Amino acid sequence: MGVKLPGAIDYEFDESLKELRLLSTSAGARVLDIITQERKKIDPAYFIGKGKVSEIREKVEGEGANIVVFDEELAPAQIRNLENGLGVKVIDRTTLILDIFVKRAKTNEAKVQVELAQLNHLLPRLTRQWTHLSKQYGGIGTKGPGETQLETDRRLINNKIKILKKKLKKIDNERITQRKNRLDLYRVCLVGYTNAGKSTLFNCLTKSGVTTENRLFSTLDSTTRKLSDSNGHKILMTDTVGFINKLPHQLVASFKSTLDEVRLANLLIHVVDFSHPHYLKRIANVSEVLAEIGADKIPIIMAFNKIDKSPEPYAEFGHYFTPDLRNFFISSIKKQGIEHLIKRITFLADDNNSA
Ligand SMILES: Nc1nc2c(ncn2[C@@H]2O[C@H](COP(=O)(O)OP(=O)(O)OP(=O)(O)O)[C@@H](O)[C@H]2O)c(=O)[nH]1
Ligand SMILES: [Mg+2]
């Protein structure tokens, strides 16, 4: 469900819904229908109009849907009202992204970070209807004297958040030690929009076998390996989590230890899916996140990837991006343009070491 408000740009609205569809399938759902509504303003009770609620309910019943996903962030009361009105579960984009992260988290670090993000998202959304928490966290605490259920739930979540933060602090310290051992090495981090081809390029550059997949957020955990063919240079490459438009702030905050890898790199390679019609918008999205995590002052190289399936020959983009020392046009799958990129990385590493 997408709601178009005044001032929304057509292609951005469509793009966001397309992405919501991809996010849904990446989470394992099957999308039955996409419904949109244009509104002058948000309805405080239902977000959408009440007539629209009945219309969606009919569709939900007709198609046998069991969940409705909204592209915008919903207030707790709106979720409650919508669930009552539609008779099925209702979630928003942030919850969907968090769900995907939960599914993909493999390492202890990623699991702790995702759970922290989830609880931080949940805390302000706790309402009187939320009463099963003490069961879920049964071992941690029981209702204190004179506490309402809501207060108990809040206390349980806050306790859990404290525990998770402590765990993260420990992981963080381990990372700091790890990083100290690598300080003499030149550290390069691949960043970019999700599905841009970061892991494919990483495998290409380091001869590794990191999972690559045509779905959103395949990679959550960062992997670090030596650059192969680096002519005896000691260069470390890191593949890490991708970014997305409207990336939930809770995720950015709790992925601090993963994102520190980006923040503390000597060089960033911004991998772009050059075959995507709105790649320019995505570059802007990624730059925003880089600024948000304090990584916008690090030297950066642009790697325009997937030129093998780009609809327009990249040479014609000369007026936009001259293939120069900062812009590389590559295909990680067909291994085109990779040697130029490696040459540039090793040159910069050399320059850095001699400085
Ligand atoms: N045609 C083409 N496809 C590519 C190229 N590079 C990557 N892909 C495909 O794009 C999809 C995503 O690749 P990944 O390497 O998993 O992308 P990623 O940036 O690591 O994605 P996340 O980890 O999900 O953020 C996969 O299906 C790859 O096979 C390329 O140069 N050309
Ligand atoms: Mg990846």
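A quick note: this is a predicted structure, and the numbers were derived from the prediction, not measured.

Student: For this particular structure, what's the right way to read the site of ligand 1?
Tutor: Around ligand 1, a shell composed of 23 residues is seen, among which Lys198, Thr200, Ser218, Thr219 and Asp308 lie nearest. Measuring from an oxygen atom of ligand 1, one finds a side-chain N or O atom of lysine 306 at 3.1 Å. Contact between ligand 1 and serine 332: an oxygen atom at 2.9 Å from a main-chain N or O atom of the residue. It is helix H8 (residues 198-206) that provides the largest number of residues to the shell around ligand 1, a total of three residues.

Student: What exactly am I supposed to notice about the packing of aromatic side chains here?
Tutor: Aromatic rings considered in pairs are described by the distance between their centres and by the relative angle of their planes. Scanning all chains against the criterion turns up eight aromatic pairs. Judged by centre distance (5.5 Å) and plane angle (70°), the rings of phenylalanine 274 and phenylalanine 329 are edge-to-face. In this pair, phenylalanine 274 is assigned in the loop between strand E8 (267-273) and helix H11 (279-292) and phenylalanine 329 in strand E10 (residues 327-329), connecting sequence segments 55 residues apart. Residue phenylalanine 274 is classed as buried on the basis of its relative accessible area, which comes to 3%. By relative accessible area, which is 8% here, phenylalanine 329 ends up buried. Put simply, the rings of Phe274, Tyr279, Phe304 and Phe329 pair up and form one aromatic cluster.

Student: What am I meant to see in the domain arrangement of the protein chain here?
Tutor: According to the domain assignment, the protein chain consists of domain 1 (2-98), domain 2 (105-168) and domain 3 (184-354). Taken residue by residue, the interface counts eight residues in domain 1 and eight residues in domain 2. Between domain 1 and domain 2, a total of about 630 Å² is buried, with carbon and sulfur atoms accounting for 60% of that surface. It is Pro76, Arg80 and Leu98 that lose the most area in domain 1 upon contact with domain 2, and together they represent 72% of the buried surface on that side. Inspection of the domain 1/domain 2 interface yields zero salt bridges. If you look at where domain 1 meets domain 2, you find one residue pair in polar contact (both at pLDDT 80 or more). For the side of domain 1 that touches domain 2, the elements supplying multiple residues, two or more each, are helix H3 (76-86) and helix H4 (93-104).

Criteria and cut-off values
- Residues numbered from 1 in each chain as written.
- Chains lettered and ligands numbered in written order.
- Predicted model: local features only at pLDDT ≥ 70, side-chain atom pairs only at ≥ 80, totals over all residues.
- Heavy atoms only, no water.
- Near = heavy atom within 4 Å.
- Polar contact = N/O pair within 3.5 Å; in protein donor to acceptor, adjacent residues only side chain to side chain.
- Helix = DSSP H or I, 4+ residues; strand = E, 2+ residues; numbered from the N terminus.
- Phe/Tyr/Trp six-rings, centres within 6.5 Å; stacked < 30°, edge-to-face > 60°.
- Buried < 20%, exposed > 50% of the residue type's maximum accessible area, 1.4 Å probe, protein only.
- Domains from an automatic or database assignment.
- Contact = heavy atoms within 4.5 Å.
- Buried area = accessible area lost by both parts, 1.4 Å probe.
- Salt bridge = Lys/Arg side-chain N within 4 Å of Asp/Glu carboxyl O.

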